[in-house]
Amino acid sequence: MKFSISRDALLKPLNLVAGVVERRQTLPVLSNVMLVLEGSQLSLTGTDLEVELVGRVPVDEAGIDGEVTVPARKLVDICKSLPEGSDIAFSVEESKATVRSGRSRFTLSTLPAREFPSVEEGIGTQQFSLKQGQLKRLIDRTSFAMAQQDVRYYLNGMLLEIRQEQLRVVATDGHRLAMCTFPEALSGQQDTQVILPRKGVLELARLLLAENEEIGITLGSNHLRATTGEFTFTSKLVDGKFPDYERVLPRSAEKVVVGARLDLRQAFTRTAILSNEKYRGVRLKLSEDSLDIVANNPEQETAEEQVPVEYRGDGLEIGFNVSYLLDVLGVLSGETVKLSLSDPNSSALLEEAEDGDSLYVVMPMRL
């Protein structure tokens, strides 16, 4: 196997692919990246058996076709350390890979490509495409609400749902819920639900750099595959049943508060400084056209903020985890935000005051 390529062209796909590779592996070959040369196209593959990423890049000078696996982190560090604009000559002989550039020469150990595991080629039942920027928006608006290491393993991921030709993504950790709906219809799609695991969501979001370029999504029974001209990303799906999120959406929230998003975000950020570090609770006191936010902590310190809002109705006092509210205000856009409440023991619904595509539910806290 032999080829030459510019350092800068190799580094971009190599960085993305190496991101999938786990540092601590049970199988030595899983800490390697597989290089496959076919004609003038080089493919780089990394996997941790749950997620697989294949990056593709044209080589400057094609030599001898072949395939090999080399240590991922070492190859990344070598490429990063070489000067910008330099060229790399890569060759494999007798189970050793040689990387040459200028006066530098590195010899890396290799493992045979046949030992490298590949994600099974399951036939996808459904296919659709959308722009990378549109998919990134769906992920960015909801992924913060995924659980991290919940025993309810189906919460450690994101629901992708197609219902009545509408694509919707939902994430929840049991304390808050985020939901974003793709505004355009996906014609000809059957109703389906899949759960993409947390690592798959985070890795996929990292790849969506070309906002206006299309990305094709294939949904199978066990895998999701995302394909562009530059890479193919495959992730196993979580085998579980996502909870019925529609039951969580507040139905009879008659107290509606409309406020300036930035003012509320800044007020919550300031009061959070003196909230209890463990529970992060703040108290919201609602009266006509005014919202008081109060935080205190075990050191008997207090923070109070008063924010003018649009509100007509009875007073209400309710507690929330301020981090959850700040997460939502951080992803919403638009000048104003709408907060719908009913009583101190019921969830709050947050959304953009103008027509938005996202809904957020936050459970209250007893303070």
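This text goes with the structure placed above it.
Residues numbered from 1 in each chain as written. Predicted model: local features only at pLDDT ≥ 70, side-chain atom pairs only at ≥ 80, totals over all residues. Heavy atoms only, no water.

**Q** Which residues make up the side chain of Arg261, and what are the values?
**A** Mapped onto the secondary structure, Arg261 falls in helix 5 (residues 261–272). A distance of 3.2 Å separates a polar side-chain atom of Arg261 from the backbone oxygen of Leu332. With sequence-adjacent residues up to four places away left out, Arg261 is seen in contact with Leu329, Leu332, Ser333, Gly334, Glu335, Thr336 and Val337. (Helix = DSSP H or I, 4+ residues; strand = E, 2+ residues; numbered from the N terminus. Polar contact = N/O pair within 3.5 Å; in protein donor to acceptor, adjacent residues only side chain to side chain. Contact = heavy atoms within 4.5 Å.)

**Q** If you had to explain the packing of aromatic side chains to someone new, which residues and values would you point to?
**A** Under the counting rule described, the total for this entry stands at three aromatic pairs. Aromatic side chains Phe144 and Tyr360 sit 5.9 Å apart centroid to centroid with 25° between the ring planes, which places their arrangement in the stacked category. With Phe144 in the loop between helix 3 (132–140) and strand 11 (157–163) and Tyr360 in strand 25 (residues 358–362), this residue pair connects regions lying 216 residues apart in the sequence. Measuring from ring centre to ring centre gives 5.7 Å for Tyr153 and Tyr154, while their planes differ by 70°; the resulting arrangement is edge-to-face. Classification of Tyr154 by relative accessible area gives partly exposed; the value is 22%. (Phe/Tyr/Trp six-rings, centres within 6.5 Å; stacked < 30°, edge-to-face > 60°. Buried < 20%, exposed > 50% of the residue type's maximum accessible area, 1.4 Å probe, protein only.)

**Q** Just give me the short version of helix 5, but keep the residues and values in it.
**A** An ideal rise of 1.5 Å per residue puts 16 Å on twelve residues; helix 5 measures up with 16 Å between its terminal C-alpha atoms. All buried positions along helix 5 are accounted for by Arg261, Leu264, Ala267, Phe268, Thr271 and Ala272. The arc that holds the buried residues of helix 5, viewed along the axis, is 135°, so those residues lie on one side. Looking at the buried residues of helix 5, the elements they touch are strand 18 (255–260), strand 19 (281–287), strand 20 (290–296), strand 21 (302–308), helix 6 (322–331) and strand 23 (336–341). (Expected span 1.5 Å × (residues − 1). Arc of directions from axis to C-beta.)

**Q** Run through the pattern of salt bridges, naming residues and quoting values.
**A** A full pass over the atoms with the stated rule returns 21 salt bridges. With a closest N to O distance of 2.8 Å, Arg176 and Asp327 form a salt bridge. Within this pair, whereas Arg176 is found in strand 13 (residues 176–181), its partner Asp327 is found in helix 6, the two being separated by 151 residues in sequence. Take Arg176: its relative accessible area is 10%, and that puts it in the buried class. Owing to a relative accessible area of 29%, Asp327 belongs among the partly exposed residues under this scheme. Residues joined in a network through salt bridges with shared partners are Arg137, Arg141, Glu352 and Asp357. (Salt bridge = Lys/Arg side-chain N within 4 Å of Asp/Glu carboxyl O.)

**Q** Tell me about the side chain of Ser347, and please be specific about residues and values.
**A** Here Ser347 shows up in the loop between strand 23 and strand 24 (348–352). A residue is classified by how much of its surface remains accessible, and Ser347, at 14% relative accessible area, is buried. Leave out the neighbours within four places in its chain, and Ser347 touches Pro250, Ser340, Val361, Val362, Met363 and Pro364.

**Q** Requested: an account of the packing of helix 1 (residues 7–20) against helix 2 (residues 72–81), with residues and values cited.
**A** Running from N to C, helix 1 and helix 2 cross one another at 145°; their axes reach a closest spacing of 10 Å. When you trace helix 1 past helix 2, the crossing you get is left-handed. Residues Arg7, Leu10, Leu11, Leu14, Asn15 and Ala18 of helix 1 lie in contact with helix 2, whose contacting residues are Ala72, Arg73, Leu75, Val76, Cys79 and Lys80. Classifying every residue of the contact of helix 1 with helix 2 by side-chain character gives eight nonpolar, one polar and three charged. (Axes fitted to C-alpha atoms, helices over the stretch in contact; angles between N-to-C directions. Left-handed = near helix turned anticlockwise from the far one by under 90°. Nonpolar A, V, L, I, M, F, W, Y, C, P; charged D, E, K, R; others polar.)

**Q** Explain the environment of Leu11 to me, using residue names and the numbers behind them.
**A** Here Leu11 lies in helix 1. Residues Leu11 and Leu75 lie 64 residues apart in sequence; the distance between their C-alpha atoms is 9.4 Å.

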